[in-house]
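The lines below spell out each chain.
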Amino acid sequence: MRVILRENVQNLGKIGDVVTVADGYGRNFLLPRNLAMLANERNVKELQHLHRIAGVRLEHARVESLTVADRMRGQRITVKKHAGDDGRLFGSVTPREIVDLLAERDFMVDRRDLSVKEPIKALGTFEVEVRLHHSVMSTFTLIVEAHEVEKMAEAPVISDDDDYDDYN
């Protein structure tokens, strides 16, 4: 019996595969559990049609990703973080922050698509790689600068010689 798999079946095949199985296995296990459907002429043609549609959608997404990659390449994004005198950050630049900075420039990416080699915990310039499609990668420059800290005006110092009664 020839069937088209609707689900991944261990030791048999993946979704969309047309496989030949024993009549009893197909009739008593695969078909009742909705893991497969009969591979008649109509179903095979429908499967081929769905594969063509999926191929067109994948190609459209790849072309769109290429245009986004061209726009993203060469971008310089600056983030200001609090840092110590030695240039180390208090915390780190997280992928969520990078995604938010990209969203401000109309680049919609998922944080899991960012490829940051190690956590960014210092001031400097970093190259960040982004997977826009399974076959399209792009990079941009992330600049981490120190956040300017406003110095507070120094309070007057009261010495022991001052008369405290003047303040009461």
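Overview of the structure. Everything numeric in this text was worked out from a predicted model, so none of it was measured. (Residues numbered from 1 in each chain as written. Predicted model: local features only at pLDDT ≥ 70, side-chain atom pairs only at ≥ 80, totals over all residues. Heavy atoms only, no water.)

1. Here's the deal with the side chain of Ser-65
Item 1. Of note, Ser-65 is situated in helix 2 (residues 41–72).
Item 2. The class of Ser-65 is buried, set by a relative accessible area of 9%.
Item 3. The residues touching Ser-65, leaving out its near neighbours within four places in the chain, are Leu-132, His-133 and Val-136. (Helix = DSSP H or I, 4+ residues; strand = E, 2+ residues; numbered from the N terminus. Buried < 20%, exposed > 50% of the residue type's maximum accessible area, 1.4 Å probe, protein only. Contact = heavy atoms within 4.5 Å.)

2. Observations concerning the layout of surface pockets
Item 1. Of the volumes computed, that of the largest pocket is approximately 200 Å³.
Item 2. Around the largest pocket, the lining is made up of 13 residues, and of these Glu-64, Ser-65, Val-68, Met-108 and Leu-132 lie nearest the centre.
Item 3. If one sorts the elements of the lining of the largest pocket by residue count, helix 2 sits on top with 5 residues.
Item 4. For the lining of the largest pocket, the per-class residue count stands at 6 nonpolar, 1 polar and 6 charged. (1 Å grid on protein atoms, 1.4 Å probe; cavity = no way out; pocket = protein on both sides within 12 Å on 5 of 7 lines; lining within 4 Å. Points joined across faces, edges and corners; volume = space filled by probe spheres on them. Nonpolar A, V, L, I, M, F, W, Y, C, P; charged D, E, K, R; others polar.)

3. Things to note about the side chain of Asn-43
Item 1. One can find Asn-43 in helix 2.
Item 2. Judged by its relative accessible area of 12%, Asn-43 falls in the buried class.
Item 3. At a separation of 2.8 Å, a polar atom in the side chain of Asn-43 contacts the main-chain carbonyl oxygen of Leu-38. (Polar contact = N/O pair within 3.5 Å; in protein donor to acceptor, adjacent residues only side chain to side chain.)

4. A closer look at the environment of Asn-40
Item 1. Residue position: Asn-40 is located in the loop between strand 3 (36–38) and helix 2.
Item 2. Among the residues examined, Asn-40 registers a relative accessible area of 39% and is labelled partly exposed.
Item 3. Between the C-alpha atom of Asn-40 and that of Ile-4, which follows or precedes it by 36 residues, the distance is 9.1 Å.
Item 4. A polar contact is formed between the side chain of Asn-40 and the backbone nitrogen of Asn-43, at a distance of 2.9 Å.

Shape descriptors only; they carry no functional weight alone.
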